[in-house]
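Take a look at the letters that make up each chain.
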Amino acid sequence: MNKKLICYFSATGTTRSVANKMAKVFNCDLFEIEPTKKYTDEDLDWTNDNSRSSVEAHDESLRPSIIKKIDNLDLYDTIFIGFPVWWYKEPNIIDTFIEENNLENKNVYVFVTSGSSTVEGSLESLREKYCNINFISGKRLDIYFDEVEILNWIK
């Protein structure tokens with residue numbers, strides 16, 4: 001089988017750009033994790049403790065709803081999950097996605113976009129919450145990532 005799928009959440013378009021470039025490198029399918037209620041600039045204001053993203057980051061029980069689910073997840077054995085780092089970890093919508101989709105028996109790679117945060121906090125958070133999922137490794141990427149480097153990452 002060895003089919004790959006890139007699943008990503010992008011609040012501002014950066015992660016979408018990285019995911020699209022990765023899909024070309026790996027010649028694989030894309031699935032956008034879309035919130036039912038889109039995030040506005042005000043929602044993403046990390047300096048405001050009352051912004052939607054701040055409230056979600058500080059209450060790990062919140063699960064933003066997602067527009068659609070993956071119908072054919074059983075076709076894939078390798079899943080890439082991409083997202084922007086929020087408060088040194090994954091946004092809660094990624095938890096929604098994982099909890100709504102069975103990723104057991106999949107090889108899961110995590111890629112993040114961030115101006116300064118590493119992938120380690122997100123990967124640690126995900127491994128702690130979902131110990132039944134095989135998270136292989138993670139990488140912080142930007143739109144200018146080196147294609148050879150990304151291919152070597154998953155070898």
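Keep in mind that this is a model prediction, so the values were computed, not measured.

### Quick notes on the sheet that holds strand S1 (residues 4–8)
Alright, step 1. One open sheet holds the 5 strands; their spatial order is S2-S1-S3-S4-S5, and the pairing between them is parallel. Only two strands of the sheet have a single neighbouring strand rather than two, namely strand S2 (29–32) and strand S5 (134–140). Direction aside, neighbouring strands of the sheet carry axes that sit 20 degrees apart on average.
Alright, step 2. One ladder, built from 5 bridges, connects S1 with strand S3 (residues 78–84); its direction is parallel. Pairing of Tyr8 across the sheet is with Gly82, part of S3.
Alright, step 3. Taken strand by strand, helix H3 (residues 92–100) contacts S1, S2, S3 and S5, and its axis lies near 160 degrees from that of S3.

### Overview of unusual backbone geometry
Alright, step 1. A positive phi is found at Asn27, a non-glycine position, where the angle reads about 50 degrees.
Alright, step 2. Among the secondary structure elements, Asn27 is positioned in the loop between helix H1 (14–26) and S2.
Alright, step 3. If you check the backbone angles, Tyr88 has positive phi at about 70 degrees while not being a glycine.
Alright, step 4. Note on placement: Tyr88 falls in the loop between S3 and H3.

### Description of the packing of aromatic side chains
Alright, step 1. Counted by the stated rule, this structure contains 8 aromatic pairs.
Alright, step 2. Ring plane angle 65 degrees and centroid distance 5.7 Å describe the contact between Phe9 and Tyr39, whose orientation is recorded as edge-to-face. Of this pair, Phe9 sits in the loop between S1 and H1 while Tyr39 sits in the loop between S2 and helix H2 (52–58), and the two are 30 residues apart along the sequence.
Alright, step 3. Residue classification places Phe9 among the buried positions, given a relative accessible area of 1%.
Alright, step 4. Between Phe26 and Phe80 the ring centres are 5.0 Å apart and the planes differ by 15 degrees, which places this aromatic pair in the stacked class. A residue pair is termed long-range when its members are at least 10 positions apart, and Phe26 in helix H1 and Phe80 in strand S3 qualify at 54 residues.
Alright, step 5. Here Phe26 falls in the buried class, since its relative accessible area comes to 12%.

### Quick word on the nonpolar core
Alright, step 1. Counting 30 residues, the largest nonpolar core has Phe97 and Ile98 as the members making the most contacts within it.
Alright, step 2. At the level of secondary structure, the elements contributing two or more residues to this core comprise S1, S3, H3, strand S4 (107–113) and helix H4 (120–129).
Alright, step 3. Looking at this core, the element that brings in the most residues is H3, giving 4 residues.
Alright, step 4. Once residues lying within four places of it in the same chain are set aside, the contact partners of Phe97 are Cys7, Phe31, Ile33, Ile66, Ile70, Ile81 and Leu103.
Alright, step 5. Within the second largest apolar cluster, 17 residues are counted, among which are Val18, Val25, Phe80 and Leu141.

### Let's talk about the side chain of Lys106
Alright, step 1. Looking at where Lys106 falls in the secondary structure, it is placed in the loop between H3 and S4.
Alright, step 2. Among buried Asp, Glu, Lys and Arg side chains, Lys106 stands out as unpaired, with Asp74 the closest opposite charge at 6.5 Å.
Alright, step 3. Here the side chain of Lys106 touches Leu73 through a polar contact of 2.9 Å, landing on its backbone oxygen.
Alright, step 4. Ignoring anything within four residues of it in the chain, the contact list for Lys106 reads Leu73, Asp74, Tyr76, Asp77, Ile79 and Asn134.

### Let's talk about the environment of Glu100
Alright, step 1. Mapped onto the elements of the fold, Glu100 is located in helix H3.
Alright, step 2. Among the residues examined, Glu100 registers a relative accessible area of 34% and is labelled partly exposed.
Alright, step 3. Counting along the chain gives 34 residues from Glu100 to Ile66, while the straight-line C-alpha distance between them is 9.3 Å.
Alright, step 4. With residues near it in sequence (within four places) discarded, Glu100 still touches Ile66 and Lys69.

What counts and what doesn't
- Residues numbered from 1 in each chain as written.
- Predicted model: local features only at pLDDT ≥ 70, side-chain atom pairs only at ≥ 80, totals over all residues.
- Heavy atoms only, no water.
- Pairing = 2+ DSSP bridges.
- Helix = DSSP H or I, 4+ residues; strand = E, 2+ residues; numbered from the N terminus.
- Axes fitted to C-alpha atoms, helices over the stretch in contact; angles between N-to-C directions.
- Contact = heavy atoms within 4.5 Å.
- Phe/Tyr/Trp six-rings, centres within 6.5 Å; stacked < 30°, edge-to-face > 60°.
- Buried < 20%, exposed > 50% of the residue type's maximum accessible area, 1.4 Å probe, protein only.
- Core = buried A, V, L, I, M, F, W, Y, C linked by side-chain atoms within 4.5 Å.
- Lys, Arg positive; Asp, Glu negative; His and termini not counted.
- Salt bridge = Lys/Arg side-chain N within 4 Å of Asp/Glu carboxyl O.
- Polar contact = N/O pair within 3.5 Å; in protein donor to acceptor, adjacent residues only side chain to side chain.

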